[in-house]
Every structure is written in structure tokens, then in C-alpha cells.
Amino acid sequence: MSLAAYCVICCRRMGTSTPPPKSSTYWRDINTFSTVDIEDHDCAVWLLLRKSRSDDRAARLQAVQEMSEARHWHDYQYRIIAQACDMRTLTGLARSKDSDLRFFLRPPPLPSLKEDSSTEEELRHLLASLPQTDLDECIQCFTALALSESSQSLAAQKGGLWCFGGNGLPYAESFGEVPSATVEMFCLEALVKHSEIPTHCDKIEANGGLQLLQRLYQLHKDCPKVQRNIMRILGNMALNEHLHSTIVRSGWVSILAEAIKSQHIMEASHAARTLANLDRETVPDKYHDGVYVLHPQYRTSQPIKADVLFIHGLMGAAFKTWRQQDNDQDLTEKVSEDETKYTTCWPKSWLARDCPALRIISVEYDTSLSDWRARCPTERKSIAFRSNELLRKLRAAGVGDRPVVWVSHSMGGLLVKKMLLEASKRPEMNTIINNTRGIIFYSVPHHGSHLAEYSVNIRYLLFPSLEVKELSKDSPALKTLQDDFLEFAKDKNFQVLSFVETLPTYIGSMIKLHVVPLDSADLGLGDLIPVDVNHLNICKPKKKDAFLYQRTLQFIRDALAKDLEN
């Protein structure tokens, strides 16, 4: 049997078909073997497709890798793969670093909006269609706020008066000036919270949410904040495997495949999280909202031998906290939404190159200096509450299955201590304790901070948040946490390294404060190293050969030396 005829048989067994391009290299009549005129490299495409559907997992992975490494195919050959591959293969290609974007078809046309309707109105209807009972206070708050403000906005568009304020007052500084964009942000924030509930994800999908979110994503190409919230919703929905086929059919994988290649770390990391949740072929772990893998973001043949986890502090974030040092900022200043102004994220760009066998995870959670600026006015989250929430998410991501080093800044170090204490009380979490090899504390206030004492003088601290109150010098919770952790750590075999700032930090525009003094940063275990920087820059090395980074790298290598050698 000729090679070309064998290819046709393979194609028939797979049940695939594609419109033949106008080329003599394609078979003229699939039913007549004698008239087939096909080149060997065309046949290779079909053989790879057949291999990608093998019952053997190793063969499937090899097929995807060979597809992603293709460099000299014609457009129609990529189109054959795009049209004929299954969901598993398409997701694998999107998570392959070198994949050509021609593997991905454009998303199908979006359904037309209803007559006299708008994306804003459709978004409001989607939110209103979700269950509104038996929700926690924060979801209720976001939902009520979004529905109230959208109602005013829609009334204004139809000739009424739109008055931004009322329930939305706490957000007045945060959102844009255009009412429709403002209301869309309210709705998206609420949908992020709803999408954390599996049954609500089903409702979002059933009510056309995937298509509506895609429309919004395309409309707001110049608004990273809107796109990130959409990605957060999609990433949460991808945690539910029964929705995977619908997500793929709606065309989202094509969008994600392009986004993961973005030079903007936040865009790429949000896309990487969603694709990892879709990739059950190679990713057994599940990444909940706020848990981002900085490395590896693609499929890799590099064995991953250990995890390094980055936990930010008060007013921090999963990406901005760990950038290179930039101009001095005050503690209440917001980082620009223009991602081109962000400096390099050193865990992703430096640590990943120096230690490629690590999985590097950065965690994000909401914090505020005052209840007045809290993103959820009803939210009162203690360190104990947050630690349990993060511990659950990290365990779902497979943290504890391999050796771990924790890297924390400010309040993040208190969360690490509390998480380890909580894990030690739960038999199912013992692997986290047993596999912890080391902890780095960047200016962690083990014995409290003077931050809350300045609340009278600074408008941002008129109503100190629970986080700030728990950091006060006389906080009973903080003293108990410190005493319990020292007792817990006595017989544990992990290393500890602490850094502490020596320079003051601007709080608002008037006050300079030494946020974490040396005595508060002294855990009582391991080395304590003073560094001539302020509280914000203690975790931001100026460059790769700076002492802060090199000492951090040395600690991680030493703590994981035996594990990385194996």
C-alpha cells in the first residue's frame, strides 16, 4: 500500500474532514486511491493527528510536541490541524511555547445583541440571572452594588439622571469616568465572586456568559483591568471539567493561546492559569483565583523538583510586589494600570532562569489600609481567615507534593506562619509541613508595626482595616501567633532567613514611617540581615547582581540542595 493511501485510511478512521485547498498537493478524490496526489509532508500531518488521538498518553504528548515544533508547514496544513484536532490536542498546543498561532481558528461569530440592548444591559441581565440567596456577605455586596449602579446607568441612557454614588461611594476613586465602563466593572467584579461557586458557573455558561464575556474582552482591548477580570472569571469556570468542551467550542482557546505569549506578565499569567485548568492531560493540579504560576507557564519536559511560593503583604499584589526596584512610592500610591510601566518580575525572569527545575507560584489576595478603601465594604478578613482560604487554594494547586520554600513580604510572612500552624493541625495537610525546606521573611512585623498608630493623621487610615489593627504592637493575635510558631518550629528541620529595612517609607504625602523596625523583624530563628532600603523596596532588588537577589538565590539553592540534585 502506498504511503498516500495509508494516510487516507488514517483520515477515514479518525472521521475527520477539511475543505481541500486549491492545491495539486491535496488528494483530488478521497474515494479513489489511484488518483491521490499527496506529498509526504501532508501525510505527516494526518499521521500526527492520528497519533494525537492514540490511547497511549505518551504518544499523544509526543504528537503535540511534534506539531508545536513544526516550522515549515503551509497555511493549509496548520488549518488541517486546527479543524481536525480534538479538544485535548488544541489545549496542549496552546500550552506549548513554540506553537504557531495558525493552529488556532478564529472564534466563531458572536450572536447578535438583542434589539435595543447593549453589552452593559446584557451583562446586567447575566448577573441578575444568577442565584441571589445563600451567598456570603461579600458576594451579596458586589452583586447589589452592580445591579443598583447598572440600573441607574441604564435609566440615564434612556433619558433619566445617572448619579454615581450611593452604594458605589467606596469605589468612587477606583473606577473610570464613563458610566458604562464603570458599571461593567461593577458587574465583572460581582461575576468574579459568583464564578467561585461551581453551580453559578453552570448558570453563566447556560445563559450565554462565555460569548458575552468574549464580546466584552474584544471591546476592551485597551483596558487591561477589564480583561483581567474576564480572565479571572474564565479561569474559575475552567476549574469545572464538565465545562471544558463548551469553553473550547466558544473559541476561548484561540484567545488564550495569543494572550499567554504576551509580553505583559499579568496578561500572560492569567491566560496561563486558565489554560492549565483546561489541561487535564498534563496538569493534575487546580489553580484557584489568585494562584498564579510564574514558571513554568507552558508544558515542559523539564522535571519540576520543588516549589517556591511568593506571598505578598499589605497593599501588595502577585506581580507588582516582586518587580525590580523603581522610583520611591508611598504605601498608599497605586501602581499605574499601564503594564508597560512595570519593571521585570524577578521571580519569573531571574529565578526561573537560575533554577529551571522550580515551579514558581505567586499568590494574590485583597488587602486594604482602611475599611473606607476596602474593595468589599462588608469584608472583615483576619489573618486566620485568609490563611485558611489560601491554604485550601494552595493545597488544590498541589503545594506540599514536593519540597517547598516560602518567600514572604510584610503581612505575607504572618500568613505563612499561620498557614503552617493550621496545616500542622490537619492530617491531610501534613505533606506541606514535611516538605517545607525554608522560609524567607522580607520585613515581616512578627512583633507588630506602628502603622495603625498614625491613623488619626492620615485620611487613608481614618478607619484602620482589620489587617492594620492586627499588625499593631499590642495585638494579642500577633503575640499568640509568634509564640505558637516558635513552639511549632522547635523540632522542625527548615531554614529561616529574614531581611529588614533600615530606611523609612512615605505613608501618604506627609508622614515618613519606619514600618517594620529591626526588633519587630526578629523572628528569633535564623539570620536577620538589615538592608538600606525602605519597606516597599526590601523585596525589590535593583538588579540581578544586587545583594538582595543573590542572597535570596543562595538561600533557595541551599535549602533545596538535596532535592535539586536528585
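Below: a short report on this structure. (Residues numbered from 1 in each chain as written. Predicted model: local features only at pLDDT ≥ 70, side-chain atom pairs only at ≥ 80, totals over all residues. Heavy atoms only, no water.)

1. A closer look at the overall build of the chain
Thinking step 1. The helix and strand inventory of the chain stands at 23 helices and nine strands.
Thinking step 2. Counting across all 566 residues of the chain, residues that qualify as buried make up 57%.
Thinking step 3. A fraction of 76% describes how many contacts in the chain between residues 6 or more apart in sequence connect residues 24 or more apart.
Thinking step 4. Only carbon and sulfur atoms are counted for the fraction: they give 50% of the accessible area of the chain, which is about 24,600 Å². (Helix = DSSP H or I, 4+ residues; strand = E, 2+ residues; numbered from the N terminus. Buried < 20%, exposed > 50% of the residue type's maximum accessible area, 1.4 Å probe, protein only. Contact = heavy atoms within 4.5 Å. Areas by Shrake-Rupley, 256 points an atom, 1.4 Å probe, with all protein chains shown as cover.)

2. Some words on the pattern of salt bridges
Thinking step 1. This model, assessed by the stated rule, comprises 21 salt bridges.
Thinking step 2. A salt bridge links Arg 71 to Asp 98; the nearest nitrogen and oxygen atoms lie 3.9 Å apart. In this pair, Arg 71 is assigned in the loop between helix H3 (57–68) and helix H4 (75–84) and Asp 98 in the loop between helix H5 (87–94) and helix H6 (119–128), connecting sequence segments 27 residues apart.
Thinking step 3. Judged by relative accessible area, Arg 71 falls into the partly exposed class, the value being 44%.
Thinking step 4. Accessibility expressed as a relative area gives 45% for Asp 98, which makes it partly exposed.
Thinking step 5. Two residues, Asp 491 and Lys 492, come together in a salt bridge whose shortest N-O distance is 2.9 Å.
Thinking step 6. Given a relative accessible area of 62%, Asp 491 falls into the exposed group.
Thinking step 7. On the basis of relative accessibility, which here comes to 28%, the residue Lys 492 falls in the partly exposed class. (Salt bridge = Lys/Arg side-chain N within 4 Å of Asp/Glu carboxyl O.)

3. A few points about the pairing of strand S4 (residues 404–409)
Thinking step 1. Within S4, six of the six residues are buried, which leaves it mostly tucked inside the rest of the structure.
Thinking step 2. Here S4 shows two buried faces, one formed by Val 404, Trp 406 and Ser 408 and the other by Val 405, Val 407 and His 409.
Thinking step 3. Pairing geometry for strand S2 (residues 306–311) and S4, over five bridges, is parallel. Residue Asp 307 lies in a different strand from S4, and its bridge partner there is Val 404.
Thinking step 4. Sheet topology places S4 next to strand S5 (residues 436–442); six bridges connect them, and they run parallel. Looking at the pairing, Val 405 lines up with Gly 438 of S5. (Pairing = 2+ DSSP bridges.)

4. Examining the nonpolar core
Thinking step 1. Core analysis: the largest hydrophobic core is formed by 66 residues, its most contacted members being Ile 81, Leu 188, Leu 191, Ile 247 and Trp 252.
Thinking step 2. Considering each element in turn, this core owes the most residues, eight residues, to helix H8 (residues 179–194).
Thinking step 3. Both of domain 1 (40–103) and domain 2 (114–158 + 179–283) provide at least three residues apiece to this core.
Thinking step 4. When residues no more than four places from it in sequence are discounted, the contact partners of Leu 188 are Leu 123, Leu 213, Leu 216, Val 226, Asn 229, Ile 230 and Ile 233.
Thinking step 5. Counting 50 residues, the second largest nonpolar core, distinct from the first, contains Ile 311, Leu 420, Val 515 and Leu 523. (Core = buried A, V, L, I, M, F, W, Y, C linked by side-chain atoms within 4.5 Å. Domains from an automatic or database assignment.)

5. Details of the packing of aromatic side chains
Thinking step 1. Across all of its chains, the model carries 16 aromatic pairs by this definition.
Thinking step 2. With a centroid separation of 5.4 Å and 45 degrees between ring planes, the pair formed by Tyr 292 and Phe 319 is classed as tilted. Of this pair, Tyr 292 sits in strand S1 (residues 291–295) while Phe 319 sits in the loop between S2 and helix H15 (346–354), and the two are 27 residues apart along the sequence. Residues Tyr 292 and Phe 319 agree in their burial class; the two are buried.
Thinking step 3. Consider the rings of Phe 488 and Phe 494, whose centres lie 6.3 Å apart with planes at 35 degrees: the pair is tilted. (Phe/Tyr/Trp six-rings, centres within 6.5 Å; stacked < 30°, edge-to-face > 60°.)

6. Let's talk about unusual backbone geometry
Thinking step 1. Omega for the bond connecting His 295 with Pro 296 falls within 30 degrees of zero, at -10 degrees, which places this linkage in the cis form.
Thinking step 2. On the secondary structure map, Pro 296 appears in the loop between S1 and S2.
Thinking step 3. One non-glycine residue, Asp 134, adopts positive backbone phi at about 55 degrees.
Thinking step 4. When you line up the elements, Asp 134 lands in the loop between H6 and helix H7 (137–157).

7. Quick look at the side chain of Glu 184
Thinking step 1. Mapping Glu 184 onto the fold places it in helix H8.
Thinking step 2. One polar contact links Glu 184 to Thr 119, side chain to side chain, over a distance of 3.4 Å.
Thinking step 3. Glu 184 has contacts with Thr 119, Glu 120, Leu 123, Leu 216 and His 220, leaving out every residue within four places of it along the chain. (Polar contact = N/O pair within 3.5 Å; in protein donor to acceptor, adjacent residues only side chain to side chain.)

8. Some words on the environment of Lys 51
Thinking step 1. Its location among the elements puts Lys 51 in helix H2 (residues 40–52).
Thinking step 2. In this structure Lys 51 comes out as partly exposed when scored by relative accessible area, which is 28%.

9. Focus: H5
Thinking step 1. In terms of burial, H5 is a largely internal element, six of the eight residues being buried.
Thinking step 2. Among all positions of H5, only Thr 89, Leu 90, Thr 91, Gly 92, Leu 93 and Ala 94 are buried.

10. Description of the sheet that holds strand S9 (residues 527–531)
Thinking step 1. Spatial ordering of the open sheet is given by S1-S3-S2-S4-S5-S6-S9, a layout of seven strands whose pairing is mixed. A single partner strand is all that each edge strand has here, and the edge strands are S1 and S9. Direction aside, the axes of adjacent strands within the sheet are offset by 20 degrees on average.
Thinking step 2. As paired elements, strand S6 (residues 495–501) and S9 share five bridges and run parallel to each other. Within S9, the position partnered with Phe 499 by the bridge is Ile 529. (Axes fitted to C-alpha atoms, helices over the stretch in contact; angles between N-to-C directions.)

11. Comments concerning the side chain of Thr 91
Thinking step 1. Within the element layout of this structure, Thr 91 appears in helix H5.
Thinking step 2. Assessed through its relative accessible area of 2%, Thr 91 is described here as buried.

12. Let's talk about the environment of Ala 146
Thinking step 1. With respect to the element layout, Ala 146 can be found in helix H7.
Thinking step 2. In sequence terms Ala 146 and Met 185 are 39 residues apart; their C-alpha atoms lie 8.3 Å from each other.
Thinking step 3. Aside from chain neighbours lying at most four places away, what touches Ala 146 is Leu 127, Phe 186, Cys 187 and Ala 190.

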